[in-house]
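# Observations on chain architecture
So you can see what is in the structure, the chains are spelled out below.
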Amino acid sequence: MADQIKLDYTQADLTPRERAMLDYADKLTRTPWAMRESDVQSLRGVGFDDLGILHIVAITSFFNYVNRVADALGIELEPGIWARLQEHAPIPWELESGSRRPPEAGAAAAGG
C-alpha cells in the first residue's frame, strides 16, 4: 500500500480518515491559499481533534518548507536515505492515527 500511496494516494485502498488526511495535506501543499474552514471540518468529520489537525498541518508544512529550501539550494539526498527511512520506528501519533501499518513494516521497525 505504501508504494501505491507514493504513486497516487487517490487510487490506494484507504480508510475515510486516511483519505481525508491526505486530501487535506495535498490541498495544503498544492494550493495553500485555497484552504477554508470546511477543509478543517472535513478532518473533524472523520474523527480528528484539534491536536491531530495541528499535527497534520505542522508535518505537511514542515515537509513542504524543508523541500523548498533543499530544492532552492540544490541539496541532494545522501545515498541510502530511502532504505533508512523505510525502517523507521513508529512515530508517536502513528498508533492513534487509525492507520493500517503493514505487519511486516511494524516487525522491521521493532527490530524483528
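Heads up: the structure comes first, above all this text.
These notes cover the structure that comes with them.

About the cut-offs
- Residues numbered from 1 in each chain as written.
- Predicted model: local features only at pLDDT ≥ 70, side-chain atom pairs only at ≥ 80, totals over all residues.
- Heavy atoms only, no water.
- Helix = DSSP H or I, 4+ residues; strand = E, 2+ residues; numbered from the N terminus.
- Contact = heavy atoms within 4.5 Å.
- Axes fitted to C-alpha atoms, helices over the stretch in contact; angles between N-to-C directions.
- Parallel < 35°, antiparallel > 145°, perpendicular 65-115°, else oblique.
- Left-handed = near helix turned anticlockwise from the far one by under 90°.
- Nonpolar A, V, L, I, M, F, W, Y, C, P; charged D, E, K, R; others polar.
- Phe/Tyr/Trp six-rings, centres within 6.5 Å; stacked < 30°, edge-to-face > 60°.
- Lys NZ or Arg CZ within 6 Å of the ring centre and 35° of its normal.
- Salt bridge = Lys/Arg side-chain N within 4 Å of Asp/Glu carboxyl O.
- Buried < 20%, exposed > 50% of the residue type's maximum accessible area, 1.4 Å probe, protein only.

## Focus on the side chain of Thr 60
- Mapped onto the fold, Thr 60 is located in helix H4 (residues 50–73).
- For Thr 60, the residues in contact, after removing those within four places along its chain, are Ala 25, Leu 28 and Thr 29.

## Examining the packing of helix H2 (residues 16–30) against H4
- At a minimum axis distance of 10 Å, the contact between H2 and H4 shows a crossing angle of 40 degrees. In terms of orientation, H2 lies oblique with respect to H4. The two elements H2 and H4 cross, and the hand of that crossing is right-handed. Of H4, the residues touching H2 (which contributes Met 21, Tyr 24, Ala 25, Leu 28 and Thr 29) are Ile 56, Val 57, Thr 60, Ser 61, Asn 64 and Arg 68.
- Residues that form the contact of H2 with H4 fall into these classes: six nonpolar, four polar and one charged.

## Thoughts on the packing of aromatic side chains
- Enumeration over the complete set of coordinates arrives at zero aromatic pairs.
- Directly above the ring of Phe 48 sits Arg 17, whose terminal nitrogen or CZ lies 4.0 Å from the centroid.

## So, the packing of H2 against helix H3 (residues 37–44)
- Between H2 and H3, the shortest axis-to-axis distance is 9 Å and the interhelical angle comes to 155 degrees. Judged by the angle between their axes, H2 and H3 are roughly antiparallel. Our pair here, H2 against H3, has a crossing hand that is left-handed. Residue-level contacts link Ala 20, Met 21, Tyr 24 and Lys 27 of H2 to Asp 39, Val 40, Ser 42 and Leu 43 of H3.
- Of the residues in the contact of H2 with H3, the class split is five nonpolar, one polar and two charged.

## Considerations on the pattern of salt bridges
- Summed over the entire model, instances satisfying the criterion amount to four salt bridges.
- Notably, a salt bridge pairs Asp 26 with Arg 30, separated by 2.6 Å at the nearest N-O pair. Taken as a pair, Asp 26 and Arg 30 lie in helix H2 at a separation of four residues, close to a single helical turn.
- Given a relative accessible area of 60%, Arg 30 falls into the exposed group.
- A salt bridge links Lys 27 to Asp 39, with the nearest nitrogen and oxygen atoms 2.9 Å apart. One end of the pair, Lys 27, is in helix H2; the other, Asp 39, is in helix H3, and 12 residues separate them in sequence.
- Where salt bridges share partners, they join Glu 37, Arg 44 and Asp 50 into one cluster.

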